[in-house]
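This is what each chain is made of:
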Amino acid sequence: MKSVLCTVTEQQSLWDQIFSESEFYFGEQPSTFAQKSLKIFQENQVRTVLEAGCGQGRDTFLFAKNGLDVTALDYSSNAVNYVQGLTEFKEHTPRIEMLCYDVRRPLPFDDNSFDAFYSHMLMCMELTTAEIACALSEVHRVLKPCGIAAYSVRSIFDRHYRAGEHLGEDLFEIGKFAVHFFSEDKIRGMASGFKLLEVERMEEGTLPRDLFCVTMKKSSNRYAPSFPPLPKNDESIVPLARNRSRTQPHCPGGT
């Protein structure tokens, strides 16, 4: 079994290659999850957003053109350079600040810096459970009180779950990509210090990818995740359900 620790440099090089060869690898239009998140940000009077794993900026520009100040991170220098090049031709680009950065490291921002955090399918890359927990702890730290966190990940209902080479935990190498698959229990275990507003199943792309789309609100100053045991067999794997799990926030709207 290949160690996930050996894939980090390989994955970064792979994404650099992809973003240098493909102009719109994920498409030109913003993701459905970004459009949904934008509505939530607007309802909560969000003004500043930290985006992790911005790729070629399709969601970044959606937020910026709708009046949000976006600080966008990606560990691919080619992705960052690509988005910076696009900003020369777009009127709303003063609202975008780009930074080449790996979220495995502590975030270079002060406590309580952002109204919201957004990440589309970054947390399900080649990150271990411990690294994801550390990243979410940093997200919790830099969010303002009652700040919104929205992220999406590949679910254990995805057709590629347990396919490919096992890298440890629920990590598998699928067509050269390292993918970490999430259960709803894992999502809830990592939500310490947040109030879960919604956990929704969504399909995206032509594969299609089966995603969990998570929306949370910072509810305390302490982040201490707990991780439930993984399913012992495949009995929990069921067809995609269109219903969703929803709870109401305790914090008032706005930041």
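Scroll up for the structure.
Presented here is a report on the structure given in the accompanying data block. (Residues numbered from 1 in each chain as written. Predicted model: local features only at pLDDT ≥ 70, side-chain atom pairs only at ≥ 80, totals over all residues. Heavy atoms only, no water.)

### Things to note about unusual backbone geometry
At step 1: The residue Asn112 is not glycine, and still its phi comes out positive at about 55 degrees.
At step 2: Mapping Asn112 onto the fold places it in the loop between β3 (96-100) and β4 (114-120).
At step 3: Among the residues examined, Asn112 registers a relative accessible area of 40% and is labelled partly exposed.
At step 4: In this structure, Arg162 takes a positive phi of about 70 degrees despite not being glycine.
At step 5: Note on placement: Arg162 falls in the loop between β5 (143-154) and β6 (165-168). (Helix = DSSP H or I, 4+ residues; strand = E, 2+ residues; numbered from the N terminus. Buried < 20%, exposed > 50% of the residue type's maximum accessible area, 1.4 Å probe, protein only.)

### Let's talk about the packing of aromatic side chains
At step 1: Per the stated rule, a full pass over the model turns up 9 aromatic pairs.
At step 2: Between the aromatic rings of Phe33 and Tyr118, the centroid separation amounts to 5.4 Å while the plane-to-plane angle is 25 degrees, which identifies the pairing as stacked. Residue Phe33 is located in helix α2 (residues 32-43), and its partner Tyr118 is located in strand β4; the two are separated by 85 residues in the primary sequence. Taken individually, Phe33 and Tyr118 each receive the classification buried, so the pair is uniform in this respect.
At step 3: Taken together, a centroid distance of 6.0 Å and an interplanar angle of 85 degrees make the contact between Tyr161 and Phe172 edge-to-face. Of this pair, Tyr161 sits in the loop between β5 and β6 while Phe172 sits in strand β7 (residues 171-174), placing them 11 residues apart in sequence. (Phe/Tyr/Trp six-rings, centres within 6.5 Å; stacked < 30°, edge-to-face > 60°.)

### Comments concerning the packing of α2 against helix α3 (residues 58-65)
At step 1: Orientation of α2 relative to α3, taken along the N-to-C sense of each, is 30 degrees, at an axis distance of 10 Å. With respect to α3, the axis of α2 lies roughly parallel. For the element pair α2 and α3, the recorded crossing hand is right-handed. Each of Ala34, Gln35, Leu38 and Phe41 in α2 lies in contact with α3, whose residues at this interface are Asp59, Leu62 and Phe63.
At step 2: Within the contact of α2 with α3, the residues separate by chemical class into 5 nonpolar, 1 polar and 1 charged. (Axes fitted to C-alpha atoms, helices over the stretch in contact; angles between N-to-C directions. Parallel < 35°, antiparallel > 145°, perpendicular 65-115°, else oblique. Left-handed = near helix turned anticlockwise from the far one by under 90°. Contact = heavy atoms within 4.5 Å. Nonpolar A, V, L, I, M, F, W, Y, C, P; charged D, E, K, R; others polar.)

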